Amino acid sequence: MKKLIITIFTIFLPLLASAYDAQIDGIYYNFNTSAKTAEVTYPMYNMDYYSGSVIIPSEVSYNDETYSVTSIGDYAFNNCSGLTFVTIPDGVTSIGYSAFYRCSELTSVVIPNSVTHIYWGTFSDSGITSVVLPEGLTEIGDLAFANTGLTSVSIPSSVRSVVYDSFSNTPMVNNASDGLLYADNWALGYKGEMPVNSAIEIKEGTVGIACGAFRNNNNLKSVVCPEGLLYINKSSFENCNNLISISLSNSIIEMGNGFSEFLADAGVFGNCSSLTKVDLPSSLTTIGYSLFYNCSSLYKITIPNSVKYIKSSAFNGCSSLVSITIPDGVISINSSTFKDCSSLNSIIIPNSVKEIESNAFENCSELLSIELPYDIAKIGDGAFLDCKKLKNINLGKINSIGFRTFRGCTSLNSIEIPDGVTTIGSEAFYGCTSLESMKIPITLKSVGRSQIGYAGYIGHSFYNCYNIKNVFIEDLKSWCEISFGGVDDNPASKAEHFYCKNEELSDLVFPNDMTTIYSESFKGCKWLRSITIHNNISIEEGAFQGCTGLYNITLPENLDIIKKETFKGCSSLVTITIPATVEYIYQEAFANCYSLKEVIALPTTPPFIYNNTFSNYEAFLKVPEDSKDKYMGDSPWSKFTTIQTITGEDLEKKKCEKPTISFENGQLTFSCATEDVTYRYNISGPNATGEGNNINLIPEITITVYAIKSGYEKSDIATLSLSASGSVTGPDLNNDNKIDAADVVKLVNIITGKE
């Protein structure tokens, strides 16, 4: 086994040795050839390759190119116990992770003003006893000077981020008295055991509170911040479950900034479950990431007008927050900002907001309505997911509705999709059980396609929206060009009524300039009664599947293929005429059409069909006279129990006679010379005004009706107008011995069939 390990190490040794680009004057470098920059590195991890005094040049030449030295890489001098002194040139901006870790003889180092970042463990466990931090430094990382001999440090005013353990286990920390702990003008936390219910005051002159400074301290009850404080770094009061109040000075410009490799991305007050209210300082410009995450008792917060940015999850889980006003100037509500604010019922969003990101208001279960800015351009995935009481929302100028945007909004009653929207994502309105009405713009192209990058089950856009009554569109052709992911992605499949330009449609005549009727355009549309499809329009698979009210179909005269399941489940279909040009009728094209009594096949050569193309072979099959033998000898056509030849009457396109309308003794009656017709009617008006015996009926009652019948063209429209001007005199329809508004209402109800 020992021999095997040695062999494997020998194989990989050349790879480890080549972990740098060049060695120049005893220093190892990696080069960025495009930027012409060099990084100081090491030949092999944890090996003592540098010793004595090392002077790093500002430039090096390699392969006839000059490179500027701009960084000291991660672990560059790691464990170099013989290293005693290093000069870092001006131009270096960052010193990487553990770059001088365990350089036990290194007691001093010259750091130029160009350095902006010192990362975690950079000088940890080294022999450093003093250091001059450069002006321009912005970040001191975790354990940066931990376990060194530092007795004091001067932190430049440019520094914006320090971590509570940046100077841990140094003499300046170990020798400090118990109580509030500082490194120069930065508060690092509390040394020793904090007394129960402590009220602390950060000392004057402090400019920052370090990342994680008071984290997990359950004895802290209140905090007073001094004037002059600029930064409160992330996680500084995280999990202080008994913190009730904090007084924030108006000098603070950043809260929730700072960087730590080892602290989770929690906010300044994350999980401070006893914090009830906060007045943010008027100097604040940014509300940091997860600033008040899961502050479940926070019910009141004032956001100053100075705030321009609210980062992700800032108020996530603030379940007691009832209302909030976002100041003008904020341009985006970031992801999960108000997620799980389950008591939030009022929010004011300024016109400056142009974007609401993903899950911004997820599970705001008390939110009743929200007024979005007219110019809002984007609403992200899941933005209003499970807002169960949300009834109304305007959508501004957005161009898409994302994945799960309104899923679970069980009180949402109506929605108007604005012009410009091209896509509605999967599960966008999934489970909106109260949704009754929606308007679809002419710009919509796609509904319910799969969510890229989402690994779980993807549901349909309108699944379980079983109360949709009305769908409004602007153009039939544009509607037919929408790509639907499935039948439950099409709101028309749920609707009772379908309108184009506010005219209700049930008998569709498809425009001549159309080319295709797609698979899901009308699938499951129970409101559809009759269709007329012109030449050169192709019909995709399942286009009219499940249209249980469809009884009259006129197919294109030049149709050559009837595709799979095109009219499957059209249970009201009585007769169908197959055009003479049809050559193929695919599986289940007319399956489950249980009312089908007559199939008129005009092709002289029987089209190719499958055994399951038709379910009802008891229907009469009528074929051209010279082709009867061909059909009788061609299976499955031969399965029809009755095969007859076509007569002239079969080929004649008949039209329903124009109906008549009569109204007598409160009874509205339609009649038609064509037998067994169905009437389609509309009644509009009246408005009743006045009181007592003087009732004005304004305007007239107008009744329109036409007749339809399977195999017939619809009739011309008949119209009847009933009008009343001046006073209404009789009859006393409600038998209360007076003629008044109640009688007019009774009259209208009788006419419209409500009584």
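Reading guide: rules and limits
- Residues numbered from 1 in each chain as written.
- Predicted model: local features only at pLDDT ≥ 70, side-chain atom pairs only at ≥ 80, totals over all residues.
- Heavy atoms only, no water.
- Helix = DSSP H or I, 4+ residues; strand = E, 2+ residues; numbered from the N terminus.
- Buried < 20%, exposed > 50% of the residue type's maximum accessible area, 1.4 Å probe, protein only.
- Contact = heavy atoms within 4.5 Å.
- Areas by Shrake-Rupley, 256 points an atom, 1.4 Å probe, with all protein chains shown as cover.
- Core = buried A, V, L, I, M, F, W, Y, C linked by side-chain atoms within 4.5 Å.
- pLDDT = per-residue confidence, 0-100.
- Pairing = 2+ DSSP bridges.
- Axes fitted to C-alpha atoms, helices over the stretch in contact; angles between N-to-C directions.

### A short note on the overall build of the protein
- Looking only at helices and strands, the protein has six helices and 59 strands in total.
- Counting the 755 residues in the protein, one finds 48% classified as buried.
- Within the protein, contacts between residues separated by at least 24 positions form 39% of all contacts whose residues are at least 6 apart in sequence.
- Roughly 33,300 Å² of accessible area belongs to the protein as shown, and the carbon and sulfur atoms make up 47% of that amount.

### Some details on the nonpolar core
- Phe 237, Phe 315, Phe 361, Phe 429 and Phe 544 are the most contacted members of the largest nonpolar core, which has 140 residues in total.
- Among the secondary structure elements, those contributing two or more residues to this core are strand 17 (220–224), strand 37 (470–473), helix 3 (476–480), strand 39 (497–500), strand 47 (575–578), strand 49 (598–601) and strand 50 (620–623).
- With three residues, helix 3 is the largest single contributor of residues to this core.
- Not counting chain neighbours up to four residues away, the residues in contact with Phe 361 comprise Ile 333, Phe 338, Ile 347, Ile 349, Ile 356, Leu 367, Ile 370, Ala 383, Phe 384, Leu 385 and Cys 387.
- Residues Phe 31, Val 69, Val 115 and Val 131 belong to the second largest nonpolar core, which totals 54 residues.

### Considerations on the confidence of the model for the protein
- Across the protein, the average pLDDT comes to 89, with 88% of residues at or above 70.
- Counting contacts from residues 1–18, a segment whose pLDDT is below 50, to residues more than four positions away or on other chains yields five contacts.
- Low pLDDT, under 50, characterises residues 724–730; the stretch is placed with 13 contacts to residues that sit more than four places away or in other chains.

### Focus: the sheet that holds strand 9 (residues 108–110)
- Pairing within the open sheet is parallel, and its three strands lie in the order 4-7-9. In the strand order of this sheet, the two ends are held by strand 4 (52–55) and strand 9, each with one partner. Between one strand and the next, the sheet's axes are offset by a mean angle of 15°, whatever the strand orientation.
- Strand direction decides the pairing type here: strand 7 (residues 83–87) and strand 9, joined by three bridges, are parallel. Its bridge partner being in strand 9, Thr 87 is matched across the sheet by Val 110.

### Looking at the sheet that holds strand 45 (residues 552–554)
- Reading across the sheet, the three strands line up as 41-43-45 and stay open at both edges, with parallel pairing between neighbours. Strands with a single pairing partner mark the edges of an open sheet, and in this sheet they are strand 41 (507–509) and strand 45. Shown here is a sheet whose adjacent strand axes are inclined to one another by a mean of 5°, direction ignored.
- Bridge count between strand 43 (residues 530–532) and strand 45: three bridges; the pairing is parallel. Paired with Ile 531 across the strands is Ile 553, a residue of strand 45.

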